[in-house]
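Tertiary structure, described
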Amino acid sequence: MSTFNFAFALRAALLAAAFAGASTAAMADIKDYKFELVGETIPAGPDKVITVRLVNARTGKPVPDAVIFATRLDMAPDGMQEMATKITPMPGGEPGTYKFKATFGMAGRWQLSLGAKVQGETGTVESKLVIKATP
Ligand SMILES: [Cu+2]
């Protein structure tokens, strides 16, 4: 093998390795992302703050700058799906956590439905979390 051919082969191998690495990273699936509640119980009452964390389940890392576009909070887990309450996004929180304000009109289990778009991923993260409002 001449010096030229060796250099070419080495460069091709490095390129192939770099490409393989890049394509693995790009293959992260939208299903790898999930929401977690930060604290599972909240006292019932007005203007309570709900904090959720969006994580990449493969890496365990929080995911900042997601666009949360669908939210609903109702008492479906206690058979009262018609009992919905307004939910308002709030600024602040650590990167990867998202805060909302809501009024929990009664104690019991509330279901928080969330949808999110993650930067660089196609598809939608959809999640339903159950929050327990305590008396
Ligand atoms: Cu209720």
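The notes below deal with the structure included here. This is a predicted model, so every value here is computed, not measured. (Residues numbered from 1 in each chain as written. Predicted model: local features only at pLDDT ≥ 70, side-chain atom pairs only at ≥ 80, totals over all residues. Heavy atoms only, no water.)

Looking now at the overall build of the protein. Check the secondary structure of the protein and you find one helix and ten strands. Ordered by position from the N terminus, the helices and strands of the protein form the series α-β-β-β-β-β-β-β-β-β-β. Among the 135 residues that make up the protein, the fraction classed as buried is 31%. Counting contacts in the protein only where the partners sit at least 6 residues apart, residues at least 24 apart contribute 60% of the total. When the accessible surface of the protein is split by element, carbon and sulfur atoms take 59% of a total near 8,400 Å². (Helix = DSSP H or I, 4+ residues; strand = E, 2+ residues; numbered from the N terminus. Buried < 20%, exposed > 50% of the residue type's maximum accessible area, 1.4 Å probe, protein only. Contact = heavy atoms within 4.5 Å. Areas by Shrake-Rupley, 256 points an atom, 1.4 Å probe, with all protein chains shown as cover.)

Glancing now at the side chain of Gln111. By the secondary structure assignment, Gln111 is in strand β9 (residues 108-117). Residue classification places Gln111 among the buried positions, given a relative accessible area of 18%. Sequence-distant contacts of Gln111, that is, excluding residues within four places in its chain, are made with Arg72, Leu73, Asp74, Ala76, Pro77, Lys128 and Leu129.

Throughout the structure, instances matching the rule amount to one aromatic pair. Summarising the aromatic geometry, the rings of Phe104 and Trp110 are spaced 5.4 Å apart at their centres and angled 90° between planes, so their arrangement reads as edge-to-face. Just as Phe104 is buried, Trp110 falls in that class too. (Phe/Tyr/Trp six-rings, centres within 6.5 Å; stacked < 30°, edge-to-face > 60°.)

With that settled, consider the side chain of Asp32. Its place among the elements puts Asp32 in the loop between α1 (3-26) and β1 (33-37). Apart from residues lying up to four places away in sequence, Asp32 is in contact with Val55, Asn56, Ala57 and Arg58.

Turning next to the nonpolar core. Counting residues in hydrophobic clusters, the biggest one holds 26 residues, and the most contacted among them are Ile50, Val52, Leu54, Phe104 and Leu112. For this core, the secondary structure elements donating two or more residues are β1, β3 (45-56), β5 (67-75), β8 (97-104), β9 and β10 (125-134). Discounting residues that sit within four places of it in the chain, Ile50 has contacts with Leu37, Ile42, Leu73, Ile87, Tyr98, Lys99, Phe100, Ala102, Phe104, Leu112 and Ile131. (Core = buried A, V, L, I, M, F, W, Y, C linked by side-chain atoms within 4.5 Å.)

Attention shifts here to the coordination of the copper ion. Donor atoms from the polypeptide that bind the copper ion are Met75 (SD), Met80 (SD), Met83 (SD) and Met106 (SD), placed at 2.2 to 2.5 Å. In this structure, the copper ion is surrounded by four donor atoms whose angles at the metal cover 99 to 128°, and the resulting shape is tetrahedral. Along the chain, the residues donating to the copper ion are arranged with the sequence spacing M-x4-M-x2-M-x22-M. Remark: Met106 occurs in the loop between β8 and β9 and Met80 occurs in strand β6 (residues 80-85); sequence separation between them is 26 residues. With a relative accessible area of 31%, Met106 lands in the partly exposed category. (Donors = N, O, S within 2.8 Å, 3.2 Å for Na, K, Ca; no water. Tetrahedral: all angles 85-135°; square planar, octahedral: opposite > 155°, others 65-115°.)

On inspection of all chains with the given rule, the structure shows four salt bridges. The partner of Arg58 in a salt bridge is Asp32, and the shortest N-O contact between them spans 2.8 Å. Here Arg58 is found in the loop between β3 and β4 (61-62), whereas its partner Asp32 is found in the loop between α1 and β1, with 26 residues between them in sequence. For Asp32, a relative accessible area of 13% gives the class buried. (Salt bridge = Lys/Arg side-chain N within 4 Å of Asp/Glu carboxyl O.)

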